[in-house]
Amino acid sequence: MTDPSQFESFMRDYQDMVFTTAFRLVGSEADAEDIAQETFIKAYDHFNELRASPTVGGWLKTVARNMSLNHLSRYRARWRFFSESETAEHEQRDFAAEMPAPDTHQEALDAGDRREVVEAALQTLPPDQRVALVLYHFQDLSYEQIAANLRISIGKVKTDIHRARETLRRKLAPRLAAAGF
């Protein structure tokens, strides 16, 4: 039987990592919260084995990633429809103008602020580019693993990652230059 106070402490220790993993992939706070909750339900079912495991963080990250990918697969048609309909709108917007300027130069230097800027820019990417980039850079999956998980070609994975990097570079360059980077 699982001790509720031990599991609550366990959840507090890992909740940010699990939520961030899901959020980076699905791009929706509500969906990421649902995925995090489902991840911890699975963890509760296996808590007796997990609590002493040195690889619990990796296990939780893998479960959150797989659940996020399953969520994206379930809603792929809707995801593509909205992605394609918003493409023209995204191309016309000035993303640098959408990001708030830092209050001070020191705040711009703060690593937390840089992370927030990058996270905000990630969320403006088209979903297929964001997912491929997050899986590659944040989840450390190979092109082949990403292609298998998303059921797309390796060429599409490489193209999506390249386009995501270029888009982020364009979006972040003015912001980082203004901050003196």
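Residues numbered from 1 in each chain as written. Predicted model: local features only at pLDDT ≥ 70, side-chain atom pairs only at ≥ 80, totals over all residues. Heavy atoms only, no water.

Quick word on the side chain of Lys-171
When you line up the elements, Lys-171 lands in helix H11 (residues 154–178). Within the structure, the side chain of Lys-171 is placed 2.4 Å from the side chain of Thr-124, a separation counted as a polar contact. (Helix = DSSP H or I, 4+ residues; strand = E, 2+ residues; numbered from the N terminus. Polar contact = N/O pair within 3.5 Å; in protein donor to acceptor, adjacent residues only side chain to side chain.)

Focus on the nonpolar core
The biggest cluster of nonpolar side chains holds 29 residues, and the ones touching the most others in it are Val-131, Leu-133, Leu-135, Ile-146, Leu-150 and Leu-168. Secondary-structure elements contributing two or more residues to this core are helix H1 (4–26), helix H2 (29–45), helix H4 (56–74), helix H8 (111–123), helix H9 (127–137), helix H10 (143–150) and H11. Counting 11 residues, the second largest nonpolar core, distinct from the first, contains Phe-10, Ala-43, Phe-47 and Leu-50. (Core = buried A, V, L, I, M, F, W, Y, C linked by side-chain atoms within 4.5 Å. Buried < 20%, exposed > 50% of the residue type's maximum accessible area, 1.4 Å probe, protein only.)

Things to note about the environment of Ser-28
Mapped onto the elements of the fold, Ser-28 is located in the loop between H1 and H2. A C-alpha to C-alpha distance of 8.7 Å links Ser-28 and Gln-123, two positions 95 residues apart in sequence. At 3.3 Å, the side chain of Ser-28 and the backbone nitrogen of Asp-31 are in polar contact.

A few points about the pattern of salt bridges
Two side chains bearing opposite charge may form a pair once their charged atoms approach each other closely. A complete count under the given rule lists five salt bridges for this structure. Among the salt bridges present, the one from Lys-156 reaches Asp-128, with a minimum N-O distance of 3.1 Å. Taken together, the positions of Lys-156 in helix H11 and Asp-128 in helix H9 put the pair 28 residues apart, joining distant regions of the chain. Judged by its relative accessible area of 29%, Lys-156 falls in the partly exposed class. When salt bridges that share partners are traced, they join Asp-128, Lys-156 and Asp-160 into one network. (Salt bridge = Lys/Arg side-chain N within 4 Å of Asp/Glu carboxyl O.)

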